[in-house]
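Listed below, chain by chain, are the residues.
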Protein chains: 2
Amino acid sequence: MSKPAFVRSEPDVRRQSLIAATGRVLARDGATGASVRAIALEAGVSPGLVGHYFAGIDALVAETYAATGQQVRDALAAAVAAADPDPRSRVAAYVTASFAPPIADRGLFATWIAFWSLSGKSQIAAQHDAIYQSYRDDLAALLAECGLAPAERRLAAIAITALVDGLWLELCLLPGAFTPDEARELAARQLDGYFERSANSSR
Amino acid sequence: MSKPAFVRSEPDVRRQSLIAATGRVLARDGATGASVRAIALEAGVSPGLVGHYFAGIDALVAETYAATGQQVRDALAAAVAAADPDPRSRVAAYVTASFAPPIADRGLFATWIAFWSLSGKSQIAAQHDAIYQSYRDDLAALLAECGLAPAERRLAAIAITALVDGLWLELCLLPGAFTPDEARELAARQLDGYFERSANSSR
DNA sequence: GAGCCTATTATACGATCGTCCAACAAGCAA
DNA sequence: TTGCTTGTTGGACGATCGTATAATAGGCTC
């Protein structure tokens, strides 16, 4: 009998498995634990393989940022798709999805903190700009569906994003300070406030 | 001539200088740059002295968290003291002080990210709870001055803190997305919303 | 000035880091 | 089966990490 010492993978498959392993390590151990050796161990390959697929650890983390950011975006989009077709219900679903798994998750929080801590490097900063721009665009589109005046959309999207980010942050950091339901209630109140304002100004 | 190789300091003075040096290193280089050697170099002492005053690097960072958190609290209190004596002006000053130096500052942001990234360690988590509890208490007291109903105070403080944290975060992370003035405007709108709600419910 | 206390220095130690590279072997082509 | 391509391994390398410790010397007391 001859058990192979290793199996070859399609290059793109191996790349994705390394990126996924990096995400798991970041979620479990944070930025300081994401070493080449720990990632290779998590992926079940030898440490040297990381250098074969990525220019360096920074490039790998940057690609993991892009992949994780897209996963979050997909999860938010799924929440919108599962909501009532009413525009107000759709934007409410988008906003409050941040307060339930898989987004309100201690591991995802640790991963996100790791990305922020690397935001000084230009390679990571570029990813960051692209990801957050897509979030703002998604939210702005939902607000447009609700009939929010174009002039109000930009600042409303900024305020809503900030409130949701802040609530998500404290929900992950201090789970005892308030409940996910309370976060949903607060976000819903703010949304109502912006819609009332819009209705008044167009009356 | 005989220049002394080093000068002794009062133990507490030396401790504080090491804590201050740690804060500067964290602001400049983030969590990954805050090594014993880098901190000692910044403080102008030898690396071994750190071990003489602190049980380990984690203890030093925890004390730096406490000191930095108190500095932020003091800066916010100073902004309140400099505002009009009108209660609404005072809470507005407290809220919007986060969007100007020294709080809206890239270095402070890097420092704070470093603390968050260590929030898994119990030593840091305890500091975190204490600091954020004091912030919430300060804000709740200002809201009470404004006559906000006790039943509303808690959730209002949570929402206001979340919005301000979120705006502060994006202001530091993506300075180009919106201006500090716009952040002030958004925070002021939310404050007005909570005061109107309170006035309506008590009418 | 002598002597003591201890703040301070300088260095050693083992562990781990990112990167690099020569050798090996899986899997396809002929 | 033979040979080639290249995905993959495993260890070497120098740098840096946190911690521990013996030696040094500032600064006070007597």
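Quantities reported herein were computed from a predicted structural model and do not represent experimental measurements.

Here we look at the interface of chain B and chain A
Every contact between the two is made by 34 residues of chain B and, on the other side, 34 residues of chain A. Its largest share of buried area at the contact with chain A, chain B owes to Glu170, Leu174 and Arg189 of chain B, together 17% of the area lost on that side. Here chain B is connected to chain A by 2 salt bridges. When the shortest N-O distance is used, the salt bridge between Glu182 of chain A and Arg154 of chain B registers 3.0 Å. Our count for the chain B to chain A interface comes out at 6 residue pairs in polar contact (both at pLDDT 80 or more). Looking at the side of chain B that touches chain A, the elements that each hand over two or more residues are helix 6 (106–117), helix 7 (122–145), helix 8 (150–173) and helix 9 (180–201) of chain B. In terms of residues, the side of chain B that touches chain A owes the most to one element, helix 8 of chain B, which gives 14 residues. In terms of residue class, the side of chain B that touches chain A is built from 17 nonpolar, 7 polar and 10 charged.

Let's talk about the side chain of Thr111 of chain A
Residue and element names in this part refer to chain A. Position of Thr111 among the secondary structure elements: in helix 6 (residues 106–117). Among the residues examined, Thr111 registers a relative accessible area of 3% and is labelled buried. With near-sequence residues (within four places) excluded, Thr111 lies in contact with Gly23, Leu26, Ala27 and Thr68.

Side note on the UniProt feature "domain: HTH tetR-type" (unreviewed entry) in chain A
Here, the residues flagged by UniProt with the feature "domain: HTH tetR-type" (unreviewed entry) are residues 12–72 of chain A. In this annotation, residues 12–72 of chain A is assigned 85% helix and 0% strand; the end-to-end C-alpha distance for the span is 22 Å.

Here we look at the packing of aromatic side chains
The geometry of two aromatic rings is summed up by the distance between their centres and the angle between their planes. All names here are of chain A. As enumerated under the stated definition, the model contains 11 aromatic pairs over all chains in all. Ring centres 5.8 Å apart and planes at 50° place the aromatic pair Tyr132 and Tyr135 in the tilted group. Of the two residues, Tyr132 and Tyr135 both sit in helix 7 (residues 122–145), 3 residues apart, roughly one turn of that helix. Of the two residues examined, Tyr132 and Tyr135, each falls in the buried class.

Overview of the relation of the copies chain B and chain A
By a simple turn and slide, chain B fits onto chain A: the slide is 0.0 Å along the axis, the RMSD is 0.1 Å, and the turn is 180°. Such a turn and shift between the copies fits a two-fold axis. Here 100% of the interface residues in chain B have copies in chain A that are interface residues too; the copies meet face to matching face.

Some details on the protein's contact with DNA strand C
As a structural note, the neighbourhood of DNA strand C is formed by 23 residues, with Arg8 and Arg37 of chain A together with Arg8, Arg14 and His52 of chain B the closest of them. Backbone atoms, meaning sugar plus phosphate, form 53% of the atoms of DNA strand C positioned within 4 Å of the protein. Note that a phosphate oxygen of DNA strand C is positioned 2.8 Å from one of the backbone N or O atoms of Ser46 of chain B. Broken down by secondary-structure element, the contributors of at least two residues to the surface near DNA strand C are helix 2 (36–43) of chain A together with helix 3 (48–53) of chain B. It is helix 3 of chain B that contributes the most residues to the surface near DNA strand C, 4 residues altogether. Across the surface near DNA strand C, the residue classes break down as 11 nonpolar, 7 polar and 5 charged.

About the criteria used
Residues numbered from 1 in each chain as written. Chains lettered and ligands numbered in written order. Predicted model: local features only at pLDDT ≥ 70, side-chain atom pairs only at ≥ 80, totals over all residues. Heavy atoms only, no water. Contact = heavy atoms within 4.5 Å. Buried area = accessible area lost by both parts, 1.4 Å probe. Salt bridge = Lys/Arg side-chain N within 4 Å of Asp/Glu carboxyl O. Polar contact = N/O pair within 3.5 Å; in protein donor to acceptor, adjacent residues only side chain to side chain. Helix = DSSP H or I, 4+ residues; strand = E, 2+ residues; numbered from the N terminus. Nonpolar A, V, L, I, M, F, W, Y, C, P; charged D, E, K, R; others polar. Buried < 20%, exposed > 50% of the residue type's maximum accessible area, 1.4 Å probe, protein only. UniProt positions renumbered as here; feature names shortened; annotations may be inferred. Phe/Tyr/Trp six-rings, centres within 6.5 Å; stacked < 30°, edge-to-face > 60°. Least-squares fit on C-alpha atoms with pLDDT ≥ 70 in both. Near = heavy atom within 4 Å.

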